[in-house]
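So the chains spell out like this:
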Amino acid sequence: MNGAPLLQIQDLTKVFPVKGGVFGRITGGIRAVDHVSLDIGRGEVFGLVGESGCGKTTLGRMLLRLIEPSGGSIFFDEIEITLLNRRRLRPLRHRMQIVFQDPFGSLNPRKTVGSIIGEPLKMAGKSPSQTASEVEQMLQTVGLPGGSSWKYPHEFSGGQRQRIGIARALILRPDFLLADEPVSALDVSIQAQILSLLVNLKDRFSLTMLFISHDLRVVRSLCDRVAVMYLGRLMEIGRVEDLYAGPVHPYSEALIRAIPEPDPEKRGHDAGPVGEVPSPANPPSGCHFHPRCPLRIERCAQEVPGLTSRGNGRFAACHVR
């Protein structure tokens, strides 16, 4: 990580309105992302983890302005992109790309692989010959066989389709890549191949990456730093090795305990956080995690803990620790 952060987020918030009644009036809101602030350094692979429904994907898509934020600021390369309209944002689009979670639904089944990967180049004004050449080169880079550009997505396996999605995201040589659970829909053996590919591509193209996942084993193998998210709020931020060696927040600790252990002699009896995740439409007061926290005190239910420094680049939002 060198120099100023490539991406800075300040108090980012997203509230989805809830409508009801005969006339569809707004009756409430779901606070999917709640005043999130963090920095992602140049060349860094930053992990974002948490249970399903905690707001990870919403946060990631707001960074690319695929979802408009309700409040807060996003700075990309020191440019506040939350203030840009579509016309002014367009020149930055090629520098920010995404790999989607679903390798089946994210590719147009009616287009050839060459058309899918080459579409960004056509929009950038490249000639047909340049486009064809760069597409073939990118297919080789992501490990797909020659002649793949003339085939259709249904002719490929799930892992190969995700390679096509990665090729499409990297064809414009972006600076920032959002990987939204890119291996969760794949077999374990294929997951390892895709993760290895992402590591190689990150070094080859000098990428900065936000890697979203609910699987802490995957994050541990790929990321430099990680943020733990729960019901729209950040619970803890720190280097991956520090988080695994000694998590500060009880929620981070519970997630690590929930990682499956293949060795039965080392396997514990704790299955992770107890209870169910509360509804984001009616979250608990104070610390959102306090109804499930074994260490909670009275203050946890009354006061929202701030994300404060714990030294060595670590931050946690916890009253107890």
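In the block above lies the structure referred to throughout.
Right, let's walk through the structure included here. (Residues numbered from 1 in each chain as written. Predicted model: local features only at pLDDT ≥ 70, side-chain atom pairs only at ≥ 80, totals over all residues. Heavy atoms only, no water.)

Here we look at the layout of surface pockets
For the record, the criterion: Points on a 1 Å grid over protein atoms alone make up a cavity when a 1.4 Å probe fits among them but cannot get out, and a pocket when they form an open set with protein on both sides within 12 Å along at least five of seven lines; lining residues each have an atom within 4 Å of a point. Grid points are joined across faces, edges and corners, and a volume is the space filled by probe spheres set on the points. For the purposes of this entry, the term helix denotes a DSSP run of H or I that reaches at least four residues, the term strand denotes a run of E that reaches at least two, and both are numbered from the N terminus.
Roughly 670 Å³ of internal volume is contained in the largest pocket. Every residue lining the largest pocket is counted, 23 residues in all, and those nearest its centre are R93, Q97, P120, M123 and L172. Counting residues per element, the ones that place at least two in the lining of the largest pocket are α2 (86-93), β6 (96-99), α3 (113-123) and α5 (158-170). Counting residues per element, the lining of the largest pocket draws most heavily on α3, at 5 residues.

Structural notes on a nonpolar patch on the surface
The criterion, for reference: Residues with no salt bridge and a relative accessible area higher than 30% make up the patches, which join like charges within 9 Å and nonpolar side chains (Val, Leu, Ile, Met, Phe, Trp, Tyr) within 5 Å. Working definition of accessibility: Shrake-Rupley area with a 1.4 Å probe, residue cover restricted to the visible protein chains. We define a salt bridge as a side-chain nitrogen of Lys or Arg found within 4 Å of a carboxyl oxygen belonging to Asp or Glu. For every residue, the accessible area obtained with a 1.4 Å probe (protein chains only) is divided by the maximum for its type, and the residue is called buried under 20%, exposed over 50%, and partly exposed between those limits.
Taken together, the side chains of L295, I297 and V320 make up a nonpolar region of the molecular surface, amounting to roughly 210 Å² of accessible area. Among the secondary structure elements, L295 is positioned in the loop between α9 (250-257) and β11 (308-311). Note on L295: relative accessible area 33%, which makes it partly exposed.

Re unusual backbone geometry
Backbone geometry at H35 places phi at a positive 55 degrees, although glycine is not the residue there. With respect to the helices and strands, H35 occurs in strand β2 (residues 25-42).

Some thoughts on the environment of K122
Take K122: it is sitting in helix α3. Spatially, the C-alpha atoms of K122 and K14 are 33 Å apart, while their sequence positions differ by 108 residues.

Points about empty space enclosed by the protein
Inclusion rule: Throughout, the ten residues Ala, Val, Leu, Ile, Met, Phe, Trp, Tyr, Cys and Pro are labelled nonpolar, Asp, Glu, Lys and Arg are labelled charged, and all others, Gly among them, are labelled polar.
Within this structure, the stated rule accounts for 2 cavities of 30 Å³ or more. A per-class count over the lining of the largest cavity returns 9 nonpolar, 3 polar and 1 charged. Here the lining of the second largest cavity is built from residues that sort into 8 nonpolar, no polar and no charged.

Description of helix α6 (residues 188-204)
The criterion, for reference: In a helix, the anticipated span is given by 1.5 Å times the number of residues less one. Our arc is simply the arc of the directions from the helix axis toward the C-beta atoms.
Look at α6: 25 Å from first C-alpha to last across 17 residues, which is about the 24 Å you get at 1.5 Å a residue. Regarding α6, the residues found buried are Q191, I194, L195, L197, L198, L201 and K202. Looking straight down α6, one finds its buried side chains confined to an arc of 160 degrees; they lie on one side. Facing away from the buried side of α6, by more than 90 degrees, are the exposed residues D203 and R204. Phi turns positive, to about 50 degrees, at S206, one or two residues after α6.

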